[in-house]
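Next come the chains, spelled out residue by residue.
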Amino acid sequence: MGSRIQEKANKYRALLVGSAVLLFIVVFLLSVIPLAYLNNNSMDEDQGKYLQIALWIANFQRLTDGNRNFLYSLLLSPFARPDISFFTTSKIISMLIGGLGLGWIFFIGQRM
């Protein structure tokens, strides 16, 4: 009888934690997506440099500028084009990578 109650408690705990994580992700996306559309200046910080490197990689010109890691630009290079829509696409890809990273951390943390 006690193990049955424990199983139910574990089931409800997992449901509660999963709901909380889902709610967190939804709130995160709903608050970040509008900010990504408002951020329309790629020369702030070093965003423009990473986008430029992605264009270089897509055009088989260069792999890096010597100061930045090329892996993020390599992820963006299949979507690279000399158009403002590339900036928005890269923001969305960055949010997806961050969301996947959070999900992966949650998954690993849940296993511990």
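What counts as what
For every chain, the first residue of the written sequence is number 1, and numbering continues from 1 along that sequence. Totals for whole chains, interfaces and linings use all residues, but because this is a predicted model, local features are given only for residues with pLDDT of at least 70 and pairs of side-chain atoms are given and counted only at 80 or more. In computing side-chain values, all of the structure's heavy atoms are included and hydrogens and water are not. Angles run from 0 to 180 degrees between N-to-C directions of axes, and those axes are lines fitted to C-alpha atoms, restricted for helices to the stretch in contact. Strands are runs of DSSP state E lasting at least 2 residues, helices are runs of H or I lasting at least 4, and numbering of each runs from the N terminus. Reported orientations rely on four angle classes, namely roughly parallel under 35 degrees, roughly antiparallel over 145, roughly perpendicular from 65 to 115, and oblique for the rest. Here, residues are in contact when the closest pair of their heavy atoms is within 4.5 Å. Each residue receives one of three labels: charged for Asp, Glu, Lys and Arg, nonpolar for Ala, Val, Leu, Ile, Met, Phe, Trp, Tyr, Cys and Pro, and polar for the others, Gly being one of them. One confidence number per residue, pLDDT, is output by the predictor and ranges from 0 to 100. Only protein chains enter the accessibility calculation, which uses a 1.4 Å probe; a residue is then buried when its area is under 20% of its type maximum, exposed when over 50%, and partly exposed in between. The definition of a polar contact used here is a pair of N or O atoms within 3.5 Å, where within protein one atom must be able to donate a hydrogen and the other to accept one, and adjacent residues in sequence count solely through side-chain atom pairs.

**Q** Any details on the packing of helix 2 (residues 47-58) against helix 4 (residues 84-111)? Residues and values, ideally.
**A** The contact between helix 2 and helix 4 brings their axes to 11 Å, and the two run at 105 degrees. As far as their axial angle goes, helix 4 and helix 2 are roughly perpendicular. Contacts between helix 2 and helix 4 pair Gln47, Leu51, Ala54 and Leu55 from the former with Phe86, Phe87, Ser90 and Lys91 from the latter. Residues belonging to the contact of helix 2 with helix 4 are distributed by class as follows: five nonpolar, two polar and one charged.

**Q** Mind laying out the confidence of the model for the chain, listing which residues take part and the relevant values?
**A** When pLDDT is averaged along the chain, the result is 85, and 89% of the positions lie at 70 or above. Element-level mean pLDDT values for the chain span from 84 in helix 1 (residues 2-38) up to 90 in helix 3 (residues 71-76).

**Q** Please set out the environment of alanine 14 residue by residue, giving values where relevant.
**A** With respect to the element layout, alanine 14 can be found in helix 1. Between the C-alpha atoms of alanine 14 and glutamine 110, which are 96 residues apart in sequence, the distance is 9.7 Å.

**Q** Report on the side chain of serine 77, specifying residues and quantitative values.
**A** Structurally, serine 77 is set in the loop between helix 3 and helix 4. On the accessibility criterion, serine 77 (11% relative accessible area) is buried. Of note is the side chain of serine 77, whose polar atom sits 2.8 Å from the backbone oxygen of leucine 74. Once you skip the residues sitting within four places of it in the chain, serine 77 turns out to touch Ala54, Ile57 and Ala58.

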